[in-house]
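Observations on the model geometry
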Amino acid sequence: MKLTKYTHACVRLEKDGGVLVLDPGTFSETAEALAGAQAVLITHEHADHVDVPAMVNALRRSDVLAVFAPAGVAAHLREEAPQAAARIHTVEPGSSFAAAGFNVRSFGGQHALIHPQVPIVANIGYLVDGNVYHPGDSFIIPDGLSVQTLLVPLHAPWSKVSEVVDFVIAVRAPRAFQIHDGLLNETGLKVAESHVARLGRKYGTEYTRLAPRESVEV
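Residues numbered from 1 in each chain as written. Predicted model: local features only at pLDDT ≥ 70, side-chain atom pairs only at ≥ 80, totals over all residues. Heavy atoms only, no water.

1. Remarks on unusual backbone geometry
Our working definition: Only DSSP runs of H or I reaching four residues or more are called helices, and only runs of E reaching two or more are called strands; each is numbered from the N terminus. To sort residues, take the accessible area from a 1.4 Å probe on protein chains only and compare it with the maximum for the residue type: under 20% means buried, over 50% means exposed, and anything in between is partly exposed.
Of note in the backbone geometry, His-8 takes a positive phi value of approximately 70° without being a glycine. Examined against the element boundaries, His-8 turns out to sit in the loop between strand 1 (2-5) and strand 2 (11-15). Although it is not a glycine, Ala-100 sits at a positive phi angle of roughly 55°. Along the chain, the position of Ala-100 falls in the loop between strand 7 (96-99) and strand 8 (102-110). With relative accessibility at 23%, the residue Ala-100 sits in the partly exposed group.

Quick look at the structure:
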């Protein structure tokens, strides 16, 4: 499949005419990512992972676009786009479904802790075609399978570099690309990536940075 990374946490997957988009948020080139999409997977409710006005517009413009999201996000989108309610699906951890010709499995359940005074929200990680894993804002490791392509949340208010490295080591995917990098400047990216690349390689993971709009075959 073709994987295209957009700014921050948004990724677009294309295969055999099917287009699946994950986490089209407000930091990303959302309209571009959603163009021609048949399905969208949303990990959680934070705006950097779901641009609600953009999603509502996309649902109104398309008669086929389907959205899969945690219960709170799905309910909100149904309220904002009632005409598309039948195409907005609630996802629970441990489920399997088809979306835009891709096979999807869900994992996790909650967002990583930012601070005890910041409420925790639902978060779903998605494994697409047994290949690409997008964990959202979590370090949940899929159980009972091997990930081929890991999307690594490189930096966030809820993480530190040692946790990022341990996540990469634990998953042990052959290849990894960064997501959730929108809050870092070039200096910060180099520091975080140097640790992830060097230590991940010791455990069999080859890390590569993708620029916004850059595509690779996976």
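Still more to cover.
2. Concerning the packing of helix 2 (residues 52-61) against helix 3 (residues 71-80)
For any two helices packed against each other, one specifies the crossing angle of their axes together with the interaxial distance. What counts is decided by this rule: Where helices are involved, their axes are fitted lines through C-alpha atoms of the stretch in contact, as for all axes, and angles between N-to-C directions lie from 0 to 180°. Here the angle decides the label: under 35 degrees means roughly parallel, over 145 means roughly antiparallel, 65 to 115 means roughly perpendicular, and every other value means oblique. For any pair of crossing helices, the crossing counts as left-handed if the nearer helix is rotated counterclockwise from the farther one by less than a right angle, and right-handed if it is rotated clockwise. Only heavy atoms enter the contact rule, under which two residues are in contact if any of them lie within 4.5 Å. All residues other than Ala, Val, Leu, Ile, Met, Phe, Trp, Tyr, Cys, Pro, Asp, Glu, Lys and Arg, Gly among them, are scored as polar; the first ten of these are nonpolar and the last four charged.
In the contact formed by helix 2 and helix 3, the axes pass within 10 Å of each other and the chain directions differ by 60°. Here helix 3 runs oblique to helix 2, going by the angle between their axes. Crossing of helix 2 against helix 3: the hand is right-handed. Residues Val-52, Met-55, Val-56 and Arg-60 of helix 2 touch helix 3, and the partners they reach there are His-76, Leu-77 and Glu-80. Of the residues in the contact of helix 2 with helix 3, the class split is 4 nonpolar, 1 polar and 2 charged.

3. Describing the environment of Ala-54
Its location among the elements puts Ala-54 in helix 2. Classification of Ala-54 by relative accessible area gives buried; the value is 17%. A sequence separation of 23 residues divides Ala-54 from Ala-31, and the C-alpha atoms of the two residues are 7.0 Å apart.

4. Describing the packing of aromatic side chains
The following threshold applies: Pairing of aromatic rings covers Phe, Tyr and Trp, the last counted by its six-membered ring, and requires centre-to-centre distances within 6.5 Å; plane angles under 30 degrees mean stacked, over 60 mean edge-to-face, and any other angle means tilted. Charges are assigned to positions over rings by a cutoff of 6 Å between ring centre and Lys NZ or Arg CZ, combined with an angular limit of 35 degrees from the ring normal.
Going through the model one piece at a time under the given rule, you end up with 4 aromatic pairs. Over the face of the ring belonging to Phe-102 we find Lys-15, whose NZ or CZ atom lies 4.9 Å from the ring centre.

5. Examining the packing of helix 4 (residues 161-171) against helix 5 (residues 186-202)
One way to put it is that helix 4 packs onto helix 5 with a least axis distance of 9 Å and a crossing angle of 35°. Between helix 4 and helix 5 lies a crossing whose hand is right-handed. Side by side, helix 4 and helix 5 meet where Val-161, Val-164, Val-165, Val-168 and Ile-169 of the first sit next to His-195, Val-196, Leu-199 and Gly-200 of the second. Partitioned by chemical class, the residues of the contact of helix 4 with helix 5 number 7 nonpolar, 2 polar and no charged.

6. Quick look at the pairing of strand 1
Selection criterion: For two strands to be treated as a pair, DSSP must find no fewer than two bridges joining them.
Bridging between strand 1 and strand 2 involves 4 bridges; their strand directions are antiparallel. For Thr-4, the partnering residue across the bridge sits in strand 2 and is Arg-12.

7. Considerations on helix 2
Restricting attention to buried positions, one finds in helix 2 the residues Val-52, Ala-54, Met-55, Val-56, Ala-58 and Leu-59. Each element contacted by the buried residues of helix 2 is listed here: helix 1 (30-34), strand 4 (39-41), strand 5 (66-69), helix 3 and strand 6 (88-90).

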